[in-house]
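Summary of the model geometry
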Amino acid sequence: MSSCVKPMQQSEHPVVLLHGFDSSCLEWRYAHPLLEDAGLETWAVDILGWGFSDLETRPPCNVASKREHLYQFWRSYIKRPMILVGPSLGAAVATDFATNHPDAVEKLVLIDASIFQDGTDNMARSPRILAYTGVFILKSFPLRLYANILALKRNSLSSIFDGARIGRLHCMLPWWEDSTVDFMFSGGYKVSALVKQLKQKTLIVWGEDDEIISPKFASRLHDELQNSVLQKIPDCGHLPHVEKPDAVAKTIVEFIQGDIS
């Protein structure tokens, strides 16, 4: 039920790239080829209910369903411990998955992680009509454009427009609004208490000029994780893998190879 970018090669350490909230695997359009060029088996997968998921059967899009869908994807295609990479809310997805299926995850990479902002309970208490109104606004081009301006520190105007267009492609799917509201009313991800339970070696990547999630949370995450290393990307905003794909790919490769510890 998900679209994904399949790897062109196999390697000892499969890398599975997730995406942020209400995004798609196209978020990795710049960094994915660089990881493949480095010889890594690299997958980019849409989280159930986001991206280009095929939801014609209308499955629930809560946390449990997203976790089970990712597990079945791993069991069907990966079949061995993976490097799970999650940016922004994708980091919460990765944290939730790694604590529930520790044998499936060898290492974690968390990028500008939305870890300490638990759940969507405030949205869940709103009238459903307001939720649909908010979701309708969420797919508007001006809002997507503004989000890209906030997220990117130093990118050209053409790159910002490109990000806005690609970032809203999946919103055109007929089930997108229902699945997004379903997730909001389910309560969302609440993983801050799970951070200290993570046993996997973890790379934390953070843009030094992130204006969406403060870099102070990078230090907090580093302190709370048992086995982590922190790499900050200078002159970079909230989406390092979009804005500085070369630096992010290089850091991930070095982490997998053991050159960062």
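Residues numbered from 1 in each chain as written. Predicted model: local features only at pLDDT ≥ 70, side-chain atom pairs only at ≥ 80, totals over all residues. Heavy atoms only, no water.

Going by what an unreviewed UniProt entry lists, the protein is known as AB hydrolase-1 domain-containing protein and is assigned to Acorus calamus.

**Comments concerning the packing of helix H6 (residues 141–151) against helix H7 (residues 157–167)**
One way to put it is that H6 packs onto H7 with a least axis distance of 8 Å and a crossing angle of 130°. As far as their axial angle goes, H7 and H6 are oblique. Judged by the twist between their axes, the crossing of H6 over H7 is right-handed. Note on element contacts: H7 touches H6 through Ile160, Phe161, Gly163, Ala164, Arg165 and Gly167, opposite Phe141, Arg144, Leu145, Asn148 and Ile149. (Axes fitted to C-alpha atoms, helices over the stretch in contact; angles between N-to-C directions. Helix = DSSP H or I, 4+ residues; strand = E, 2+ residues; numbered from the N terminus. Parallel < 35°, antiparallel > 145°, perpendicular 65-115°, else oblique. Left-handed = near helix turned anticlockwise from the far one by under 90°. Contact = heavy atoms within 4.5 Å.)

**Notes on the pairing of strand E4 (residues 82–87)**
Consecutive side chains of a regular strand alternate in pointing toward one face of the sheet and then the other. Counting buried positions along E4 gives six out of six residues, so the element sits mostly inside the fold. With burial as the criterion, each face of E4 is covered, one bearing Met82, Leu84 and Gly86 and the other bearing Ile83, Val85 and Pro87. Relative to E4, strand E2 (residues 15–17) is paired through three bridges, and the arrangement is parallel. What sits directly across from Leu17, in E4, is Val85. (Buried < 20%, exposed > 50% of the residue type's maximum accessible area, 1.4 Å probe, protein only. Pairing = 2+ DSSP bridges.)

**Considering helix H2 (residues 63–78)**
Here H2 spans 21 Å end to end across 16 residues, near enough to the 22 Å set by a 1.5 Å rise per residue. Within H2 the residues assigned to the buried category are Val63, Ser65, Lys66, His69, Leu70, Phe73, Trp74 and Ile78. Those residues of H2 that are buried lie in contact with strand E1 (4–5), E2, strand E3 (42–45), E4, helix H3 (89–100) and helix H8 (176–186). Of the residues that open H2, the one with a side-chain oxygen 3.3 Å from the backbone nitrogen of Ala64 is Asn62. (Expected span 1.5 Å × (residues − 1). Polar contact = N/O pair within 3.5 Å; in protein donor to acceptor, adjacent residues only side chain to side chain.)

**Some points on the nonpolar core**
Counting residues in each nonpolar core, the largest one holds 39 residues, and the members touching the most others are Val16, Leu18, Met82, Leu84, Val105, Ile115 and Leu221. Counting only elements with at least two residues in this core, the list comes to E3, H2, E4, H3, strand E5 (105–111), strand E6 (201–207) and helix H9 (216–224). The element that contributes the greatest number of residues to this core is H3, accounting for seven residues. By size, the runner-up hydrophobic cluster in this structure holds 23 residues, among which are Trp28, Ala31, Ala44 and Ile83. (Core = buried A, V, L, I, M, F, W, Y, C linked by side-chain atoms within 4.5 Å.)

**Some thoughts on the side chain of Ser24**
Of note, Ser24 is situated in the loop between E2 and helix H1 (31–37). With a relative accessible area of 2%, Ser24 lands in the buried category. Those residues within four positions of Ser24 in sequence are excluded, and the remaining contacts are His19, Asp46, Gly51 and Phe52.

**Some thoughts on a nonpolar patch on the surface**
A cluster of nonpolar residues, Phe136, Ile137, Leu143, Tyr146, Leu150 and Ile212, forms a patch on the protein surface that exposes about 560 Å² of accessible area. When residues of the nonpolar patch are traced back to their parent elements, those giving at least two are helix H5 (128–138) and H6. The leading source of residues in the nonpolar patch is H6, at three residues. Here Leu143 lies in helix H6. (Patch = residues over 30% accessible without salt bridge, like charges linked within 9 Å, V, L, I, M, F, W, Y side chains within 5 Å. Areas by Shrake-Rupley, 256 points an atom, 1.4 Å probe, with all protein chains shown as cover. Salt bridge = Lys/Arg side-chain N within 4 Å of Asp/Glu carboxyl O.)

**Structural notes on the environment of Val181**
Looking at where Val181 falls in the secondary structure, it is placed in helix H8. Taking relative accessible area as the criterion, Val181 reaches 0% and is therefore assigned buried. Residues Val181 and Ala31, spaced 150 residues apart in sequence, show a C-alpha to C-alpha distance of 30 Å. With near-sequence residues (within four places) excluded, Val181 lies in contact with Arg128, Ala131, Tyr132 and Val135.

**A look at the sheet that holds E1**
In space, the seven strands of this open sheet follow the order E1-E3-E2-E4-E5-E6-E7, with mixed pairing throughout. With partners counted over all chains shown, the strands left at the sheet margins are E1 and strand E7 (228–233), one partner each. The pairing of E5 with E6 spans five bridges and is classified as parallel. Bridging across to E6, Leu110 finds its partner in Ile204. Here H3 sits on the sheet and contacts E4 and E5; the angle it forms with E4, its principal contact strand, is near 145°. Helix H11 (residues 245–257) rests against E2, E4, E5, E6 and E7 of the sheet, and its axis sits at about 165° to E6.

**Here we look at the side chain of Ser11**
Structurally, the position occupied by Ser11 is in the loop between E1 and E2. Polar side-chain contacts of Ser11 include one of 2.9 Å to the backbone nitrogen of Glu41. In this structure Ser11 touches Gly39, Leu40, Glu41 and Arg80, once residues within four positions along its chain are discounted.

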